[in-house]
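Overview (structure and organization)
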Amino acid sequence: SGNIIERVRRLVSEGGMSKAGLALPQGFRETVADNPPAALRSWMSERLPGTPEQPLRARVVAFQTAQGLKPDGLVGPITLMQINRASGVDEPRLSP
């Protein structure tokens, strides 16, 4: 698992996720905390379960918990890939 996580981080740092056909929302950076850019906030709000009244960070934590990810409220490459998967985005998969 750590090897795949490192490969994803390397892809992100080299700008390769979009080159590999992975859907990246506008404004994505390696890690997004409480105050993401407006375009990314909108993208996540559309895809995460919950209501607009719920704080986005709480929705991210709930999503991460449901997906078996570290529930830290930060959106990094693994959380982003899981959001894409859960919302039906067809994208390539990394193989070990």
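Keep in mind the model is a prediction, meaning the values are calculated, not measured. (Residues numbered from 1 in each chain as written. Predicted model: local features only at pLDDT ≥ 70, side-chain atom pairs only at ≥ 80, totals over all residues. Heavy atoms only, no water.)

**Re helix α5 (residues 77-86)**
How we decide: The cut-offs for exposure are 20% and 50% of the maximum accessible area for each residue type, with area from a 1.4 Å probe on protein chains only; residues under the lower value are buried, those over the upper are exposed, and the others partly exposed. Strands are runs of DSSP state E lasting at least two residues, helices are runs of H or I lasting at least four, and both sets are numbered from the N terminus onward.
Counting buried positions along α5 gives seven out of 10 residues, so the element sits mostly inside the fold. Every buried residue of α5 is accounted for by Pro 77, Thr 79, Leu 80, Met 81, Gln 82, Ile 83 and Asn 84. After α5 finishes, the residue Gly 88 shows a positive phi value of roughly 80°.

**Quick word on the nonpolar core**
Selection criterion: By nonpolar core is meant a set of buried Ala, Val, Leu, Ile, Met, Phe, Trp, Tyr and Cys residues that side-chain atoms within 4.5 Å join together. Only heavy atoms enter the contact rule, under which two residues are in contact if any of them lie within 4.5 Å.
Core analysis: the biggest nonpolar cluster contains 10 residues, these being Leu 40, Trp 43, Met 44, Leu 48, Leu 56, Val 60, Phe 63, Val 75, Leu 80 and Ile 83. If you list the elements that add at least two residues to this core, you get α3 (38-47), α4 (56-67) and α5. Apart from the residues lying within four places of it in its own chain, the contact partners of Ile 83 are Trp 43, Arg 47, Leu 48 and Phe 63.

**Overview of α3**
To be explicit about the condition: This arc is taken over the directions from the axis of the helix to the C-beta atoms.
Of the residues making up α3, those classed as buried are Leu 40, Trp 43 and Met 44. Burial along α3 is one-sided: seen end-on, the buried residues are contained in an arc of 95°. Along α3, exposed side chains directed more than 90 degrees from the buried face belong to Ala 38 and Glu 46. Tucked into the core, α3 has its buried residues touching α4 and α5.

**What to know about the pattern of salt bridges**
Applicable threshold: Each salt bridge in this description consists of a side-chain nitrogen of Lys or Arg and a carboxyl oxygen of Asp or Glu lying within 4 Å of one another.
Summed over the entire model, instances satisfying the criterion amount to one salt bridge. One salt bridge connects Arg 47 with Glu 46, and the closest N-O pair in it is separated by 3.4 Å. Judged by relative accessible area, which is 29%, Arg 47 ranks as partly exposed.

**Things to note about the packing of α4 against α5**
Heads up, the rule is: To obtain an axis, a line is fitted to C-alpha atoms, over the contacting stretch when the element is a helix, and the angle between two such axes runs from 0 to 180 degrees between their N-to-C directions. Oblique is the label for any angle not under 35 degrees, not over 145, and not in the 65 to 115 range, which are roughly parallel, roughly antiparallel and roughly perpendicular in turn.
It is the contact of α4 with α5, at a shortest axis distance of 11 Å, that shows an interaxial angle of 80°. Comparing the axis directions of α4 and α5 gives the class roughly perpendicular. Counting all contacts with α4, which are made through Phe 63, Gln 64 and Gln 67, the residues of α5 involved are Thr 79, Gln 82, Ile 83, Arg 85 and Ala 86.

**What to know about the confidence of the model for the protein chain**
The predicted structure's coordinates, where accompanied by low pLDDT, should not be read in detail. Short version of the rule: pLDDT measures the predictor's confidence residue by residue and takes values from 0 up to 100.
Counting all residues, the mean pLDDT for the protein chain is 74, and 58% of those residues have values of 70 or more. Highest mean pLDDT in the protein chain belongs to α4 (92); lowest belongs to helix α2 (residues 16-19) (52).

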